[in-house]
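A look at the structure
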Amino acid sequence: MLTIHNLHHSFKNGAETTPVLQNIDFTVQRGEMVALLGSSGSGKSTLLNLMAGLMKPTSGQIRIDGQAIETMSENRLAEFRRTHIGFIFQSYELIPHLTVRENVELPLVFQSIGRKERSGIAMQLLGQVGLGGKTELFPSQLSGGQQQRVSIARSLVTHPAIVFADEPTGNLDTKTEQEIIDLLTDLNRSLGITFVIVTHELEVARRTQRVIQLRDGRLVEDAVPARQVKRNEAERLRQARLGPAAAAQSRDRAVRDGDRHRLGVDHRRPRLRRIDSHYSEKQMGYYLKTDEITIMDGGSAPGASGGETARSNSAPGAGDGITKAKIELIRKLPHVKAVASFLELGDAAFTVDGDKEGRVQIVATDLEALPAFGNAFAQGGTGDGGGSVVLGYGAALGIFDAKALKVREQQLRQNAGDPAVRDRIQQMDNLPYPVYRKTIVLKIGGGPGGIGAAGGGKAAGGAAADGSGASGTAEFPVRVGGVLKRPDGTPDYMTWNNKQVYMSFALAERLLEQRKAAEAGRSAALPSVDRPNRVVVKVDSTEHVAEVDALLRKLRLNTQNNLHQKDRMNQEFVIVRLIFGGAGLFILFVASISIVVAMTMSTYQRRRQIGIMKVLGANLRQIRNLFIVESALLGVIGGACGILLSYWVVWGINGIVTRFSKGPPGSDPEILFISLWILPVGLFFAVLTGVLSGIYPAIKASRTDALTAIKRE
């Protein structure tokens, strides 16, 4: 089991060499319980450390289970200790923040054994040493004798080939000392475990099967105590009666099989088991429609008045206008996802439920194309054609009867300076009226409330709205087949002003015919459904907008798009990105220094724990990984706190701006926002910072000398 041959060891102090061990030769058989006896300074602790692979000898050979440990590398020694050597310390060396069970499991963690399996092994061993009811206590809650029992259980958990015990009773009283020696003796006899016990107490040595005595670094005696001679003789006579073959089989079973069965440990040793630009483009594409091209039959883009929102590209010789043939050709162009034609027919009043009144902007279009342009339905859908229309979300707002309108106006006049009244009225205005599946009656023609009447300017045919109910106004009933959702991010005042009602071109043609009949020839030329005044082209990506725009201009069409707005916003955000990027880099730098300092201090404060783990079989890689994982966790915690702080700062800035903003009611401006993609990216950089910052402390921790660390108070 253990063979020591011609072992020498010396300590160097500058040019001076001090011999500690000289010419040590002995062998320990499997299943023996041997004591290394000697006074202080005799070299017994040094010999124990050499045999456990914690030190390298000056010369000589040390073989355990036939393997020469003096030639092994540090990592190989760690793996060898992990599976072949158990260690019992004089001072117990339990990890204080781990429970009794977790302390016993620790060597199995380094063998990558699963939680459930190692917990079962630890529980059985703790029951074996008499601590079955204290598995979830912490070391500080145990007596000295109980802590040493935990240390013994931990030394046996991997079922090592040999267990080294360094003064296992040195810190115990006489009664507890006898209990621990009885326990070790029982484990040796019943399970065949090989023990080498370092002690300076003769009474402890006499309880073993063999005593090897050291004095001044030399082996002076290798003898069997008198009481053990009698035991050996009895065993010899018993084996003589059994016969050589049966005796050998009995020894093997006691050493290899019986102990493993009783401990509940498998005798087979376990094998070692060794996203910014895209999101910004998507956001701008949603709000600025940078992936859309508007073709106008003349004039400027909708919303261009009062400020530039779209840039017009006039084709040379443009003037043919929008025709059905060109629209069909546009649908076949590369990178075109959808095409929708729009014919704006003006404003009109309407009534619903008899006495409720509202106003809408009538737009003829292909209803089936609405979803392709970001229009989602809150209720219903595109309808069944015929007399069905689709109302925009804003068209369902501000629908009141005459009495409610009168009260509203009276309250505004009487309480013009009262913000509470203004807010209450605004809340009423923002409540959509239930119009889905109802019939609304549009007032068309030049009469009062009709298309072109009050609220819409002069009538198309020149007739004034005098409120007399003169002829020229007709009623056009339609059924609401769908209501659109409120567009995300749209302020209240914009929603209120967007009161479109969408109808098919077929229904629009009927409306125009009825309007023409109502005006009895007094109207100027009416628009034709065959000639839309606006076409919107949806492109598959903003990257292809310029290409599609050029193709459209070749068709002699006037095109408009918002690409220049995207470029301008990108330029304006460069400075913001630089400021926040610089601040982020500075914060990461400070965080890196903080993590390095924290982990370096942790390494210093936990040297003893690191030493214990190395003795129990943790190799350099496992120690390094432990500290790098801890550094990464610090990075994750710091990153999460940083993201939360950023959200609070942005929320505060937006709150201040909103509080003091003089914009229109309901605009609720959001000046800054943090995109969702920042969460994983921020955490990634936080973890990366933690890992990189933890490399130096991790390497320093892995290079800690186990013996020096354990001896350090």
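Let us look at the structure shown here. Fair warning: this is a prediction, and the values are worked out from it, not measured in the lab. (Residues numbered from 1 in each chain as written. Predicted model: local features only at pLDDT ≥ 70, side-chain atom pairs only at ≥ 80, totals over all residues. Heavy atoms only, no water.)

For the protein, the count of helices and strands is 21 helices and 21 strands. Per-residue burial over the protein gives 44% buried out of 713 residues. As displayed, the protein offers around 36,100 Å² of accessible surface, 55% of which is attributable to carbon and sulfur atoms. (Helix = DSSP H or I, 4+ residues; strand = E, 2+ residues; numbered from the N terminus. Buried < 20%, exposed > 50% of the residue type's maximum accessible area, 1.4 Å probe, protein only. Areas by Shrake-Rupley, 256 points an atom, 1.4 Å probe, with all protein chains shown as cover.)

So, on to the side chain of Lys-356. On the secondary structure map, Lys-356 appears in strand 14 (residues 356-365). Side-chain polar atoms of Lys-356 contact the side chain of Asp-355, separated by 3.3 Å. Residues within four places of Lys-356 in sequence aside, it is in contact with Phe-350, Thr-351, Ile-399, Phe-400, Asp-401 and Tyr-433. (Polar contact = N/O pair within 3.5 Å; in protein donor to acceptor, adjacent residues only side chain to side chain. Contact = heavy atoms within 4.5 Å.)

So, about empty space enclosed by the protein. Looking at the largest cavity, its volume works out to about 70 Å³. Taken together, Arg-81, Arg-82, Ile-85, Gly-86, Phe-87, Pro-107, Arg-154, Ser-155, Thr-158, Val-615 and Leu-616 form the lining of the largest cavity. Counting only elements with at least two residues in the lining of the largest cavity, the list comes to helix 2 (74-84), strand 6 (85-88) and helix 5 (144-156). Sort the elements by how many residues they give to the lining of the largest cavity and strand 6 lands first, with three residues. (1 Å grid on protein atoms, 1.4 Å probe; cavity = no way out; pocket = protein on both sides within 12 Å on 5 of 7 lines; lining within 4 Å. Points joined across faces, edges and corners; volume = space filled by probe spheres on them.)

A few words now on the side chain of Ser-42. Turning to its location among the elements, Ser-42 is positioned in the loop between strand 3 (33-37) and helix 1 (44-51). Reaching out from Ser-42, the side chain makes a polar contact with the backbone oxygen of Ser-39 at a distance of 2.8 Å.

Moving on, we come to the packing of helix 12 (residues 402-414) against helix 13 (residues 419-429). Where helix 12 contacts helix 13, the two axes come as close as 10 Å, and the packing angle between them is 155 degrees. One finds that helix 12 runs roughly antiparallel with respect to helix 13. For the crossing formed where helix 12 meets helix 13, the hand is left-handed. The segment helix 12 lies against helix 13, with Arg-408, Gln-411 and Leu-412 engaging Val-421, Ile-425 and Asp-429. (Axes fitted to C-alpha atoms, helices over the stretch in contact; angles between N-to-C directions. Parallel < 35°, antiparallel > 145°, perpendicular 65-115°, else oblique. Left-handed = near helix turned anticlockwise from the far one by under 90°.)

As a further point, take the packing of aromatic side chains. In this structure the tally under the stated criterion is one aromatic pair. Ring geometry for Phe-87 versus Phe-89: centroids 4.9 Å apart, planes at 40 degrees, classification tilted. This pair shows no difference in class: Phe-87 is buried, exactly as Phe-89 is. Above the face of the Phe-342 ring, Arg-534 is positioned so that its terminal group lies 4.4 Å from the ring centre. (Phe/Tyr/Trp six-rings, centres within 6.5 Å; stacked < 30°, edge-to-face > 60°. Lys NZ or Arg CZ within 6 Å of the ring centre and 35° of its normal.)

Further remarks concern the packing of helix 3 (residues 100-109) against helix 4 (residues 115-128). It is at 9 Å that the axes of helix 3 and helix 4 come closest, and there the two elements cross at 125 degrees. With respect to helix 4, the axis of helix 3 lies oblique. Classified by chirality, the crossing of helix 4 by helix 3 is right-handed. Contacts from Val-100, Arg-101, Val-104, Glu-105, Leu-108 and Val-109 of helix 3 reach helix 4 at Arg-118, Ser-119, Ile-121, Ala-122, Met-123 and Leu-126. Across the contact of helix 3 with helix 4, the residue classes tally to eight nonpolar, one polar and three charged. (Nonpolar A, V, L, I, M, F, W, Y, C, P; charged D, E, K, R; others polar.)

In this section: the environment of Ile-425. Position of Ile-425 among the secondary structure elements: in helix 13. Each C-alpha atom, one on Ile-425 and one on Gln-411, is 8.7 Å from the other, the two residues being 14 residues apart in sequence. Each residue touching Ile-425, except ones within four places of it in the same chain, is listed here: Arg-408, Gln-411 and Leu-412.

This brings us to helix 15 (residues 505-519). The terminal C-alpha atoms of helix 15 lie 21 Å apart, and with 15 residues this matches the ideal 21 Å at 1.5 Å per residue to within 8%. All of the buried residues along helix 15 are Leu-507, Ala-508, Leu-511, Leu-512, Arg-515, Ala-518 and Glu-519. On an axial view of helix 15, the arc spanned by its buried residues comes to 140 degrees, and they lie on one face. Projecting away from the buried face of helix 15 at angles above 90 degrees are the exposed residues Ala-506, Glu-513, Lys-516 and Ala-517. Contacts made by the buried residues of helix 15 are with strand 13 (336-352), strand 14, strand 16 (388-391), strand 17 (439-445), strand 18 (473-484) and strand 19 (500-503). (Expected span 1.5 Å × (residues − 1). Arc of directions from axis to C-beta.)

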